[in-house]
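Architecture and fold: a report
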Amino acid sequence: MTEVEFLAACERVLTAIEDGLDRSGVDAETARSGHVLEVEFDDGAVLVVNGNAPLHEIWVAARSGAHHFRFVDGTWRDTRGAGELFETLSAIVSLHAGQAVRLEP
């Protein structure tokens, strides 16, 4: 994947997260700057999702910990083997929103 391809993929991921949050009805504030998306929940938790272009990874920072995801075989996989990006995000958002939320690519 070239850097241009990575940045386009990152853009699609961040847009999918924003759209999914909008559809879910979750009460959260979002702010986006370049390839960084911050989501602040009513419980005060902040979720940060950002693209790391030099490593071609998407990084997620949340109260529950930090995750790095790399595009492998058509899916954003945790570099430590802990799952898929949208599954991880769905669990984090559900925890802080107090309701089941399913985000999808």
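Residues numbered from 1 in each chain as written. Predicted model: local features only at pLDDT ≥ 70, side-chain atom pairs only at ≥ 80, totals over all residues. Heavy atoms only, no water.

Of note, Ile17 is situated in helix 1 (residues 3-24). For the pair Ile17 and Phe86, spaced 69 residues apart in sequence, the C-alpha separation works out to 8.4 Å. Ile17 has contacts with Leu37, Val49, Phe86, Leu89 and Leu103, leaving out every residue within four places of it along the chain. (Helix = DSSP H or I, 4+ residues; strand = E, 2+ residues; numbered from the N terminus. Contact = heavy atoms within 4.5 Å.)

This paragraph deals with helix 2 (residues 85-97). An ideal rise of 1.5 Å per residue puts 18 Å on 13 residues; helix 2 measures up with 18 Å between its terminal C-alpha atoms. Between a side-chain oxygen at the N-terminus of helix 2 and the backbone nitrogen of Phe86 the separation is 2.9 Å; the capping residue is Glu84. Backbone geometry just downstream of helix 2 places Gly98 in the positive-phi region, at approximately 75°. (Expected span 1.5 Å × (residues − 1). Polar contact = N/O pair within 3.5 Å; in protein donor to acceptor, adjacent residues only side chain to side chain.)

A few words now on the sheet that holds strand 5 (residues 65-72). Note on sheets: strands pair through backbone hydrogen bonds, and any given pair is parallel or antiparallel. With respect to topology, six strands assemble into an open sheet ordered 1-2-3-4-5-6, the strand pairing being antiparallel. Edge positions in the open sheet fall to strand 1 (28-33) and strand 6 (75-78), since each of these has one partner strand only. The average angle at which neighbouring strand axes cross in this sheet is 20°, direction not considered. Taken together, the six bridges between strand 4 (residues 57-62) and strand 5 define a ladder with antiparallel strand orientation. Note on strand 5: the bridge partner recorded for Glu57 is Arg70. Of the strands in this sheet, strand 2 (36-41), strand 3 (46-52), strand 4, strand 5 and strand 6 are in contact with helix 2, which crosses strand 4 at around 20°. (Pairing = 2+ DSSP bridges. Axes fitted to C-alpha atoms, helices over the stretch in contact; angles between N-to-C directions.)

Because side chains alternate across strand 6, one face comprises the buried residues Trp76 and Asp78, and the other comprises Thr75 and Arg77, none of which is buried. Direction of pairing for strand 5 relative to strand 6: antiparallel, over a ladder of four bridges. Bridge pairing links Phe71 to Trp76 in strand 6. (Buried < 20%, exposed > 50% of the residue type's maximum accessible area, 1.4 Å probe, protein only.)

Quick look at the pattern of salt bridges now. Under the defined criterion, the tally for this structure stands at four salt bridges. Put simply, Arg70 and Glu57 hold a salt bridge, and the shortest N to O gap is 2.2 Å. Of this pair, Arg70 sits in strand 5 while Glu57 sits in strand 4; the two residues are 13 residues apart in sequence, bridging distant segments of the chain. Its relative accessible area of 38% is what places Arg70 among the partly exposed residues. On the basis of relative accessibility, which here comes to 5%, the residue Glu57 falls in the buried class. Ionic pairing is found between Glu104 and Arg102, a salt bridge with its closest N-O pair at 3.1 Å. Take Glu104: its relative accessible area is 41%, and that puts it in the partly exposed class. Here the residues in one salt-bridge network are Glu11, Glu18 and Arg32, joined through shared partners. (Salt bridge = Lys/Arg side-chain N within 4 Å of Asp/Glu carboxyl O.)

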